[in-house]
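As a plain string of letters, each chain reads:
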Amino acid sequence: MVILVATSGRKKRTRLHTFYSPGNGSLRTVLGEASSSSEMYSLVELPGSIDFADLRLCGDHFALRTALGIYFGTIDRTWVASTKAKKGTNKTSRSTGTGTGVIVDAGMLPYDSNQHKSRHMSSSSVIPVSISLTPHHLITLSESSEVKFINRVAQKVIQNERV
């Protein structure tokens, strides 16, 4: 079982907590096992402060709205499976991808790279109101009702619609 938790708030950095348990237990069991083993818990602290960090999941992929951009990555099911198979031993295999433990291929897509802002726009107006995720795209919604579809691999806006 893998649990992703995002925390944020005014004047507080956005954090992504990852809890993992090789067994099928309750939330209490997973959090208890994670607190006793550093291999079962990871923390990513992201720069900037945002009132509400929007965490979205789609299959094995996740996206997190932060103050500076969209933090995205993949849950490594091979790491999960190998750790589950080795339950009871002290050996776990780590993935060689970018990220730690269960999270791989993680990166930050800055807002200024996928949104054109004018000289008089404030930095808060660049932060999308909401984000969403498909298997191949990040989707953002701005305050001006503009929806942008961003290809996750190319990290480029492929469609821009006003709703």
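Preceding this paragraph is the structure being described.
Let us look at the structure shown here.

Criteria and thresholds
- Residues numbered from 1 in each chain as written.
- Predicted model: local features only at pLDDT ≥ 70, side-chain atom pairs only at ≥ 80, totals over all residues.
- Heavy atoms only, no water.
- Helix = DSSP H or I, 4+ residues; strand = E, 2+ residues; numbered from the N terminus.
- Buried < 20%, exposed > 50% of the residue type's maximum accessible area, 1.4 Å probe, protein only.
- Contact = heavy atoms within 4.5 Å.
- Polar contact = N/O pair within 3.5 Å; in protein donor to acceptor, adjacent residues only side chain to side chain.
- Patch = residues over 30% accessible without salt bridge, like charges linked within 9 Å, V, L, I, M, F, W, Y side chains within 5 Å.
- Areas by Shrake-Rupley, 256 points an atom, 1.4 Å probe, with all protein chains shown as cover.
- Salt bridge = Lys/Arg side-chain N within 4 Å of Asp/Glu carboxyl O.

## Side note on the overall build of the protein chain
Within the protein chain, the secondary structure is distributed over four helices and eleven strands. Buried positions account for 37% of the 163 residues belonging to the protein chain. A separation of at least 24 residues holds for 49% of the contacts in the protein chain among residues at least 6 apart in sequence.

## Concerning the side chain of Asp-54
Among the structural elements, Asp-54 can be located in the loop between β3 (41-49) and β4 (55-58). When its relative accessible area of 4% is taken as the criterion, Asp-54 is described as buried. Side-chain polar atoms of Asp-54 contact the side chain of Ser-130, separated by 3.3 Å. Other than its neighbours up to four places away in sequence, Asp-54 contacts Ala-63, Leu-64, Arg-65, Ser-130 and Ile-131.

## Notes on a nonpolar patch on the surface
Residues Val-129, Leu-141 and Val-163 make up a contiguous nonpolar surface patch of roughly 260 Å² in combined accessible area. Along the polypeptide, Val-163 turns up in the segment after β11 (156-162). The class for Val-163 is exposed, based on a relative accessible area of 70%.

## Thoughts on unusual backbone geometry
Negative phi characterises most residues that are not glycine, and trans characterises most peptide bonds. The backbone of Ser-145 shows a phi angle near 65 degrees, a positive value even though the residue is not glycine. By the element assignment, Ser-145 lies in the loop between β9 (137-141) and β10 (146-151). Ser-145 sits in the partly exposed class, given a relative accessible area of 29%. For Gln-155, which is not glycine, the phi dihedral falls at a positive 55 degrees. Residue position: Gln-155 is located in the loop between β10 and β11.

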